[in-house]
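The residues making up each chain are set out below.
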Amino acid sequence: MARIFSVVNQKGGVGKTTTSVNLSAALALAGNRTLLIDIDPQCNATGAVGVDPASRHALLGDSPLGESVIQTETPGLSLLPGSRRFQDADVMANSDANATVRLRGHLDSVMDDYDYILIDCPPSAGAMTETALTASTEVMIPIQCEYFAMVGVAQLIGTIKKVIGATNGRLTFGGILLTMYDESLELTREIDEDVRDFFGDIVFENVVPRDVALCEAPSHGQTVFQYAPRSRGAFAYTQLCMEVLQRD
Ligand code: ADP
Ligand code: MG
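Residues numbered from 1 in each chain as written. Chains lettered and ligands numbered in written order. Predicted model: local features only at pLDDT ≥ 70, side-chain atom pairs only at ≥ 80, totals over all residues. Heavy atoms only, no water.

### Describing the layout of surface pockets
- Size it by volume and the largest pocket reaches roughly 510 Å³.
- Taken together, 29 residues line the largest pocket, and the ones lying closest to its centre are Gly15, Thr17, Thr18, Met180 and Leu214.
- Looking at the lining of the largest pocket, the elements with two or more residues in it are α1 (16–29), α2 (44–48) and α8 (212–216).
- Looking at the lining of the largest pocket residue by residue, the class counts come to 14 nonpolar, 11 polar and 4 charged.
- Approximately 190 Å³ is the volume found for the second largest pocket.
- Every residue along the wall of the second largest pocket is listed here: Tyr181, Asp182, Glu183, Asn206, Val207, Pro209, Arg210, Arg232, Phe235, Ala236 and Gln239.
- By residue class, the composition of the lining of the second largest pocket is 5 nonpolar, 2 polar and 4 charged. (1 Å grid on protein atoms, 1.4 Å probe; cavity = no way out; pocket = protein on both sides within 12 Å on 5 of 7 lines; lining within 4 Å. Points joined across faces, edges and corners; volume = space filled by probe spheres on them. Helix = DSSP H or I, 4+ residues; strand = E, 2+ residues; numbered from the N terminus. Nonpolar A, V, L, I, M, F, W, Y, C, P; charged D, E, K, R; others polar.)

### Regarding α1
- Spanning 14 residues, α1 covers 20 Å between terminal C-alpha atoms, matching the ideal 20 Å at 1.5 Å per step.
- By the criterion of burial, α1 is predominantly enclosed, with 12 of the 14 residues buried.
- Taken together, the buried positions of α1 are occupied by Lys16, Thr17, Thr19, Ser20, Val21, Asn22, Leu23, Ser24, Ala25, Ala26, Leu27 and Ala28.
- Backbone geometry just after α1 places glycine 31 at a positive phi near 100°. (Expected span 1.5 Å × (residues − 1). Buried < 20%, exposed > 50% of the residue type's maximum accessible area, 1.4 Å probe, protein only.)

### Details of the packing of α1 against helix α10 (residues 232–246)
- Put simply, α1 and α10 touch, their axes get as near as 9 Å, and they point 70° apart. As summarised for this structure, α1 and α10 are arranged roughly perpendicular, according to the angle between their axes. Taken together, the residues of α10 that come into contact with α1 (itself represented by Thr18, Thr19, Asn22, Leu23, Ala26 and Leu27) are Tyr237, Leu240, Cys241, Val244 and Leu245.
- Classifying every residue of the contact of α1 with α10 gives 8 nonpolar, 3 polar and no charged. (Axes fitted to C-alpha atoms, helices over the stretch in contact; angles between N-to-C directions. Parallel < 35°, antiparallel > 145°, perpendicular 65-115°, else oblique. Contact = heavy atoms within 4.5 Å.)

### What about the side chain of aspartate 120?
- Looking at where aspartate 120 falls in the secondary structure, it is placed in strand β5 (residues 116–120).
- Here aspartate 120 is buried and forms no salt bridge, its nearest opposite-charge partner lysine 16 lying at an N-O distance of 6.5 Å.
- Polar side-chain contacts of aspartate 120 include one of 3.3 Å to the side chain of serine 20.
- Here aspartate 120 is in contact with Val7, Lys16, Thr17, Ser20, Ile37, Asp38, Ile39, Asp40 and Ala45, once residues within four sequence places are set aside. (Lys, Arg positive; Asp, Glu negative; His and termini not counted. Salt bridge = Lys/Arg side-chain N within 4 Å of Asp/Glu carboxyl O. Polar contact = N/O pair within 3.5 Å; in protein donor to acceptor, adjacent residues only side chain to side chain.)

### Remarks on the state of the cysteines
- One pass over the structure, following the stated rule, counts 0 disulfides.
- Among the cysteines around cysteine 43, which has no disulfide bond, cysteine 121 carries the closest sulfur, lying 14 Å off.
- Cysteine 43 gets classed as buried once you look at its relative accessible area, which sits at 3%.
- Cysteine 241 takes part in no disulfide bond, and the closest cysteine sulfur, belonging to cysteine 121, lies 20 Å away.
- Cysteine 241 gets classed as buried once you look at its relative accessible area, which sits at 3%. (Disulfide = S-S within 2.5 Å.)

### Considering the site of ligand 1
- Near ligand 1 there are 14 residues, and of these Gly13, Lys16, Thr17, Thr18 and Pro209 occur at the shortest range.
- At 2.6 Å, a side-chain N or O of threonine 18 approaches an oxygen atom of ligand 1.
- Proline 209 is positioned such that a nitrogen or oxygen atom in its backbone is 2.9 Å from a nitrogen atom of ligand 1.
- Mapping ligand 1 onto the cavity grids shows that it belongs to the largest pocket.
- Put simply, the parts of the chain that give the shell around ligand 1 at least two residues each are α1 and α8.
- Counting residues per element, the shell around ligand 1 draws most heavily on α1, which supplies 3 residues. (Near = heavy atom within 4 Å. Sits in = over half its atoms within 2 Å of the grid points.)

Spatial relationships are all this shows, so hold off on functional conclusions.
In structure tokens form, the structure reads like this:
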């Protein structure tokens with residue numbers, strides 16, 4: 001049975017997509033059957049692995065998910081592409097109990113085909129993120145090391161607790177990741193201390209440094225492992241991958 005991670009934070013630009021793409025690539029390269037699911041209508045994760053968005057989002061259809069899954073250039077990494085279709089985004093963003101049941105049903109149908117499934121969520125703590133959480137076994141929150149890093153995280157934790165309490169016994173709250181880490185900055189060190197004081201063990205030991213390779217790779221439709229395998233970013237996501245594997 002797959003471990004299903006929702007990668008969430010209602011703030012944009014904190015590293016959700018970068019983490020979804022490169023952590024799933026690292027998991028695949030380590031020999032795990034991995035599926036990356038893009039549910040953000042911006043479709044950044046889809047583009048980052050060199051695939052075009054779908055005309056309709058497969059999660060909203062009735063066909064078996066497997067028919068819409070695309071094998072990426074990274075061995076072992078499959079993608080369920082996002083869709084920019086306005087109506088699809090709307091349906092997903094206003095998802096009700098039906099959407100939740102449907103998404104969970106779709107994911108349950110591929111649970112045995114993968115070891116890891118990562119869901120790259122849109123920047124919202126709303127219904128879509130809630131639906132993704134309901135279908136997940138784990139939640140991962142990237143936090144950017146900047147001022148106001150923690151703003152909104154309390155609200156997000158409220159949503160997570162609600163899902164854990166109300167709808168889904170299988171979701172566990174593990175995995176806060178510090179991104180765009182610059183250890184030469186006093187600010188980064190302060191945020192690191194605050195976040196670890198507050199959240200304790202669920203913060204990953206490994207952090208992701210600021211690295212230009214991580215922001216250049218998507219414009220080439222490549223993961224960091226294809227674009228710059230010897231970069232600090234590639235190293236960081238390999239280390240994070242090992243930590244995720246160990247936390248099983
Ligand atoms: P989100 O999905 O949360 O909106 P992204 O992963 O798209 O965030 O990251 C926002 C921007 O920051 C992107 O341009 C991305 O390339 C860049 N970025 C993300 N992580 C890093 C990093 N560790 N170092 C440098 N740039 C990064
Ligand atoms: Mg994103």
